[in-house]
Amino acid sequence: MLTAAAPSAAEAEPPYFAYSTSKDGTNQKRINSPTAGQCTAVSNGNWANNQSGLFAHLYTDAKCKKRLLTMEDDHYTLLGTGGTFYSVKFTKKKDEW
């Protein structure tokens, strides 16, 4: 009888962009498997963890127009210290905005 091996942690976890709507990092939200070109409105994002494999551009408006900062893959913003963002756009190139 054959049994399948359990998936590794990397295989079980899809690429994601995580953020919190509170400055202390509670109330966490997640965008799973984002695609390049996707602009997503968020509710008062203050903390972020970019594990998407893409560049995540943060904006201070809900429609990806007013730039705040760019996060590379594996980049984290500090709790309570980053500017508030209201949308995020994912791209394959750092300067695509």
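This text gives an overview of the structure that appears in the document.

Rules behind the numbers
- Residues numbered from 1 in each chain as written.
- Predicted model: local features only at pLDDT ≥ 70, side-chain atom pairs only at ≥ 80, totals over all residues.
- Heavy atoms only, no water.
- Phe/Tyr/Trp six-rings, centres within 6.5 Å; stacked < 30°, edge-to-face > 60°.
- Helix = DSSP H or I, 4+ residues; strand = E, 2+ residues; numbered from the N terminus.
- Buried < 20%, exposed > 50% of the residue type's maximum accessible area, 1.4 Å probe, protein only.
- Pairing = 2+ DSSP bridges.
- Polar contact = N/O pair within 3.5 Å; in protein donor to acceptor, adjacent residues only side chain to side chain.
- Contact = heavy atoms within 4.5 Å.
- Salt bridge = Lys/Arg side-chain N within 4 Å of Asp/Glu carboxyl O.

### Concerning the packing of aromatic side chains
Working step 1: In the structure shown here, the tally under the stated rule is five aromatic pairs.
Working step 2: Plain terms: the ring middles of Phe17 and Phe90 are 5.6 Å apart, the flat faces sit at 75° to each other, and that makes the pair edge-to-face. One end of the pair, Phe17, is in strand E1 (residues 16-20); the other, Phe90, is in strand E8 (residues 85-91), and 73 residues separate them in sequence.
Working step 3: Residue Phe17 is classed as buried on the basis of its relative accessible area of 0%.
Working step 4: By relative accessible area, which is 0% here, Phe90 ends up buried.
Working step 5: Arranged with centres 6.3 Å apart and planes meeting at 65°, the rings of Tyr19 and Phe85 form a pair that is edge-to-face. Placement of Tyr19 in strand E1 and of Phe85 in strand E8 is noted, with a sequence separation of 66 residues between them.
Working step 6: For Tyr19, a relative accessible area of 10% puts it in the buried group.
Working step 7: Residue classification places Phe85 among the buried residues on the basis of a relative accessible area of 1%.

### Details of the sheet that holds E1
Working step 1: Read from one edge to the other, the open sheet built from four strands follows the order E2-E1-E4-E7, with strand pairing classed as antiparallel. Either end of the sheet is taken by a strand with one partner, and the two such strands are strand E2 (28-32) and strand E7 (75-76).

### What about the side chain of Thr40?
Working step 1: Structurally, the position occupied by Thr40 is in strand E3 (residues 39-45).
Working step 2: Judged by its relative accessible area of 19%, Thr40 falls in the buried class.
Working step 3: Side-chain polar atoms of Thr40 contact the side chain of Gln38, separated by 3.0 Å.
Working step 4: Those residues in contact with Thr40, other than ones at most four positions away along the chain, are Ile31, Cys64, Tyr86, Ser87 and Val88.

### Some words on the pattern of salt bridges
Working step 1: Per the stated rule, a full pass over the model turns up one salt bridge.
Working step 2: For Lys94, the salt bridge identified is with Glu72, shortest N-O distance 2.8 Å. With a gap of 22 residues between them, Lys94 in the segment after E8 and Glu72 in the loop between strand E6 (67-71) and E7 connect regions that are remote in the sequence.
Working step 3: Classification of Lys94 by relative accessible area gives partly exposed; the value is 45%.
Working step 4: Among the residues examined, Glu72 registers a relative accessible area of 37% and is labelled partly exposed.

### Remarks on the pairing of E1
Working step 1: Counting buried residues in E1 gives five out of five residues, a clear majority hidden from the surface.
Working step 2: Burial along E1 is two-sided: Tyr16, Ala18 and Ser20 and Phe17 and Tyr19, pointing in opposite directions, are all buried.
Working step 3: Examined bridge by bridge, E1 and E2 share five bridges and lie antiparallel to one another. The residue bridging Ser20 from the neighbouring strand is Gln28, located in E2.
Working step 4: Alignment of E1 against strand E4 (residues 47-51), held across five bridges, turns out to be antiparallel. Counted as the bridge partner of Ser20 is Trp47 from E4.

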